[in-house]
Number of protein chains: 2
Amino acid sequence: MKNTYFTPGPAELYPSFYQHLQKAMDEQIGSISHRSQRFQDIYKFADDQLRTLLNIPDTHGIFFTGSASEVWERVLLNCVEHESFHLVNGSFSQKFYDYANALHKHTNVLEKPFGEGFDAADIEVPEYAELVCLTHNETSSGVQMRPAEMHKLKRKYPKKLFCVDTVSSSPYPDLDFGLIDSAFFSVQKAFGMPAGLGVWIANQSCLEKAEYLQQNDTLTIGAHHTLPVLWKHYKTYETPATPNVLYIYLLGKIAEDFNRTGIDTIRRQTEEKGRMLYKFLDASDAYEPFVKQDRHRSQTVIVATTKQPSADVITAAKTANMVVGSGYGKFKESQIRIANFPAVSTEQIASLIDQLKK
Amino acid sequence: MKNTYFTPGPAELYPSFYQHLQKAMDEQIGSISHRSQRFQDIYKFADDQLRTLLNIPDTHGIFFTGSASEVWERVLLNCVEHESFHLVNGSFSQKFYDYANALHKHTNVLEKPFGEGFDAADIEVPEYAELVCLTHNETSSGVQMRPAEMHKLKRKYPKKLFCVDTVSSSPYPDLDFGLIDSAFFSVQKAFGMPAGLGVWIANQSCLEKAEYLQQNDTLTIGAHHTLPVLWKHYKTYETPATPNVLYIYLLGKIAEDFNRTGIDTIRRQTEEKGRMLYKFLDASDAYEPFVKQDRHRSQTVIVATTKQPSADVITAAKTANMVVGSGYGKFKESQIRIANFPAVSTEQIASLIDQLKK
């Protein structure tokens, strides 16, 4: 019997994934040239579908990388000459910050404890920070930063570039790309695909910054997947190197399925399933939602502290063919993490709650 | 009816690919955690199979990236403080060199015209070059550099690090990893998989160099996929970020199939099929092998100059469900490129020759 994966990535595959994969094999998508019209059509299709789904204007390009982690590095190399600013409240926002340090950028950071979230009112962006690095959804702790707060912050600092990590939440957050300069995600989370493809959205302002930095002999914007080269190829829906053609095809198909359902419906369903889970956790004696503030509670990765060792809960669920994530890092043994992605239905969430009640 | 892809990558999928993919879907490999024992077993399996196939000793680690192009950047960042040395005789060796320039390394280069190859006797490595960048198989021009020549060169310069691009030839070249410090390839060529995974082989000397460079505040070895971090995780068959789990699983399975056939048999079959193609081209009035020197003729990507426009040849083959590659760059319209990878059989090569005769 197959498992249902409630893990926060890699996660349950989207139900239509299998038929799209079969069609791709029938059409030999794994063998076609990335310099063919067929590939350009596939890239354009994925681009069109993502643009509709996430309401991305023409000012922004959509690029493909090996992973979202790669984008941490690319956006820092391409958009920061001296200083970046990071909001850090968990392991993944910390990694974004660590990458900036590894690249010898001058880093500024505002930290909050694991499980706490940020609002615009908390934040003062340092004067010389060029790039503001935000994490919409902290996969490690189940904390979200609401898009409205990000937009408020950008309005306060309109000249700074804003980049949002939406790895474990896109397409849920309704970002205003009239304000947000760059965002990125990976496909093995809410898009219900296997891991192996990152998606990087960036606008003309990011490109201009990269082009400006490229003229500077004292630093490098990198050699692989630089924004100017990605953008040059993007104009004809091509890529500088051979990309993961098959996954780009599959991403386009799944984004099309999402558009058929409608992004508003997907967001509403996500919130409904999230409400079911939080309501259960709030009322339970065996679990407690880790994030206290309602406005900071993630809708896509729900983290609960368990009264008994989390391994017991996970093992019991596994017996019922449900796979739940463990806590992250030092919370591994005292928390569980439940992904609430489009691939799992309301009925499956209800079954999981029944299981967790046992 | 399905096409047979004789294109030099993406290429024909290895015949067993489909059944491995089906099994992976049945086992839900696309959903498993990259922090699970299951994933560690998959990584270890792929590592074991590649180690057997390519005769890789324990001194070398095997790492996964988004693509082989990414490895150009990683090896330069991690193994070069000041100077690299490049042999350039086509578009892909040129790109390796371009990457070094983009990273502001001091680059040394020995160039030969498109279609000509290198022997050890031609080459003097500049005194301060730290990394010697070789391309076993120039995918653009169909030129190979024989491993014996690479080994001879390394023996002459034992203290320099040697890195070999085997993108469009591995597992064909019989590299002596007692001499070669690093090599890399991508899976969409001779391994008969869809694109989306790079494989990087590097030894302790590369690691030591990276660790040394990491202490230097005036340069960066990058932030993503640095060799010290890859190696640290590799010790437990893990990866720093979520990798392409599914493709690592599939690569292990295909490498196992190759080992069942035996690497000697695969190499012999490659040479037999190569001989058939070159023999036909040499005798033909309509085609001419582009590479004149027998010892520089690639066994895995055979390039021919066509008397008629190459588009006519390609279109005619396509009508017979055979897909042949066009020439590269300025040779697009006057050459064809034929991949001779393990996924195409002797019979398929014979059918292609019959078609080209028409």
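None of these values were measured; they are calculated from a predicted model.

**Student:** Explain the pairing of strand β9 (residues 182–186) of chain B residue by residue, including any values.
**Tutor:** Residues and elements named next belong to chain B. The buried count for β9 comes to five of five residues, which makes it a mostly enclosed element. Burial of β9 is two-sided: the residues S182, F184 and S186 facing one way and the residues A183 and F185 facing the other way are all buried. As defined by bridge partners, strand β8 (residues 161–165) adjoins β9 across three bridges and the pair is classed as parallel. In the strand pairing of β9, D165 is matched with F184. Sheet topology note: the β9/strand β10 (residues 198–203) ladder contains five bridges and is antiparallel. If you follow A183 over to β10, its bridge partner there is I201.

**Student:** Give me the lowdown on the interface of chain A and chain B, citing residues and values where you can.
**Tutor:** With 51 residues of chain A in contact, the opposing surface of chain B contributes 51 residues. For the pairing of chain A and chain B, the buried interface totals around 3,900 Å² over both sides, and the portion due to carbon and sulfur atoms is 54%. Where chain A packs against chain B, one counts two salt bridges. One salt bridge connects R74 of chain A with E73 of chain B, and the closest N-O pair in it is separated by 2.9 Å. Our count for the chain A to chain B interface comes out at 20 residue pairs in polar contact (both at pLDDT 80 or more). No other element matches helix α1 (residues 17–26) of chain A, which puts five residues into the side of chain A that touches chain B. Class assignment for the residues of the side of chain A that touches chain B results in 23 nonpolar, 20 polar and eight charged.

**Student:** Residue-level account of the sheet that holds strand β11 (residues 287–289) of chain A, with values.
**Tutor:** As a general point, the strands of a sheet are linked pairwise by backbone hydrogen bonds and lie either parallel or antiparallel. Residue and element names in this part refer to chain A. If you trace the five strands from one edge of the open sheet to the other, you get β1-β13-β14-β12-β11, paired in mixed fashion. Strand pairing shows two members of the sheet lacking a second neighbour, β1 (4–6) and β11, which therefore form its edges. Neighbour-to-neighbour, the strand axes of the sheet open up by a mean angle of 35 degrees, direction not taken into account. Of the strand pairs in this sheet, strand β13 (residues 322–326) and strand β14 (residues 335–339) are connected by two bridges, and their pairing is antiparallel. Counted as the bridge partner of S326 is I336 from β14.

**Student:** Which residues make up the pairing of strand β13 (residues 322–326) of chain B, and what values do they have?
**Tutor:** Residues and elements named next belong to chain B. Counting buried positions over the five residues of β13 gives four, a clear majority of the element. As paired elements, strand β1 (residues 4–6) and β13 share three bridges and run parallel to each other. Note on β13: the bridge partner recorded for Y5 is V323.

**Student:** Outline the packing of helix α3 (residues 68–79) of chain B against helix α6 (residues 204–214) of chain B, listing residues and values.
**Tutor:** Where α3 of chain B contacts α6 of chain B, the axes come no closer than 7 Å and their chain directions differ by 65 degrees. Residues L77, N78 and C79 of chain B of α3 of chain B pack against C206, K209, A210 and L213 of chain B of α6 of chain B.

**Student:** Give a description of the relation of the copies chain A and chain B that names residues and reports values.
**Tutor:** Between chain A and chain B, which share one sequence, the superposing operator has a rotation angle of 180 degrees and an axial displacement of 0.0 Å; the RMSD is 0.0 Å. The transformation just described matches what one would write down for a two-fold rotation axis. For chain A, the smallest separation between a C-alpha atom and the rotation axis is recorded for G66 of chain A, amounting to 2.1 Å. When the interface residues of chain A are mapped onto chain B, 100% of them again lie at the interface, so the same face is used by both copies.

**Student:** Pulling in residues and values, what's your account of the packing of aromatic side chains?
**Tutor:** Under the definition given, this model contains 43 aromatic pairs over all chains. Relative to W200 of chain A, the ring of F63 of chain A has its centre 6.2 Å away and its plane inclined at 65 degrees; by these criteria the two rings are edge-to-face. In this pair, F63 of chain A sits in strand β2 (residues 60–65) while W200 of chain A sits in strand β10 (residues 198–203), placing the two residues 137 residues apart along the sequence. Under the relative-accessibility criterion, F63 of chain A is labelled buried at 0%. Every member of this aromatic cluster is reached through a ring pair, and the members are F39, Y43, F63, F64, W200, W231, Y234 and Y237 of chain A. Seen from the ring of F45 of chain B, K253 of chain B lies directly overhead, with NZ or CZ sitting 5.1 Å from the centre.

**Student:** Lay out the packing of helix α3 (residues 68–79) of chain A against α3 of chain B with the relevant residues and their values.
**Tutor:** Interhelical geometry of α3 of chain A versus α3 of chain B gives an angle of 55 degrees and a closest axis separation of 15 Å. The pairing of α3 of chain A with α3 of chain B is recorded here as oblique in orientation. Two packed elements cross with a definite hand, and for α3 of chain A against α3 of chain B that hand is left-handed. Contacts between α3 of chain A and α3 of chain B involve E70, E73 and R74 of chain A from the former and E70, E73 and R74 of chain B from the latter.

**Student:** Give a description of helix α2 (residues 37–54) of chain B that names residues and reports values.
**Tutor:** All names here are of chain B. Between the first and last C-alpha of α2 there are 25 Å, a value that for 18 residues agrees with the 26 Å anticipated at 1.5 Å per step. Regarding α2, the residues found buried are F39, Q40, I42, Y43, A46, D47, Q49, L50, R51, L53 and L54. For α2, the secondary structure elements touched by its buried residues are β2 (60–65), β9, β10, α7 (227–234), α8 (245–261) and α9 (263–283).

**Student:** Hey, could you go over the domain arrangement of chain A for me, with residue numbers and the actual values?
**Tutor:** Residues and elements named next belong to chain A. Looking at the assigned domains, one finds that chain A contains domain 1 (4–11 + 263–357) and domain 2 (17–260). Domain 1 and domain 2 are separated by 26 Å when their C-alpha centres are compared. Across the boundary between the two partners, domain 1 contributes 25 residues, which contact 27 residues of domain 2. Both faces considered, domain 1 and domain 2 share a buried interface measuring about 2,300 Å² in area, 57% of it formed by carbon and sulfur atoms. When the buried surface of domain 1 facing domain 2 is broken down by residue, R267, H296 and Y328 rank first, second and third, together holding 27% of it. Joining domain 1 to domain 2, the criterion identifies two salt bridges.

Calculation rules
- Residues numbered from 1 in each chain as written.
- Chains lettered and ligands numbered in written order.
- Predicted model: local features only at pLDDT ≥ 70, side-chain atom pairs only at ≥ 80, totals over all residues.
- Heavy atoms only, no water.
- Buried < 20%, exposed > 50% of the residue type's maximum accessible area, 1.4 Å probe, protein only.
- Helix = DSSP H or I, 4+ residues; strand = E, 2+ residues; numbered from the N terminus.
- Pairing = 2+ DSSP bridges.
- Contact = heavy atoms within 4.5 Å.
- Buried area = accessible area lost by both parts, 1.4 Å probe.
- Salt bridge = Lys/Arg side-chain N within 4 Å of Asp/Glu carboxyl O.
- Polar contact = N/O pair within 3.5 Å; in protein donor to acceptor, adjacent residues only side chain to side chain.
- Nonpolar A, V, L, I, M, F, W, Y, C, P; charged D, E, K, R; others polar.
- Axes fitted to C-alpha atoms, helices over the stretch in contact; angles between N-to-C directions.
- Least-squares fit on C-alpha atoms with pLDDT ≥ 70 in both.
- Phe/Tyr/Trp six-rings, centres within 6.5 Å; stacked < 30°, edge-to-face > 60°.
- Lys NZ or Arg CZ within 6 Å of the ring centre and 35° of its normal.
- Parallel < 35°, antiparallel > 145°, perpendicular 65-115°, else oblique.
- Left-handed = near helix turned anticlockwise from the far one by under 90°.
- Expected span 1.5 Å × (residues − 1).
- Domains from an automatic or database assignment.

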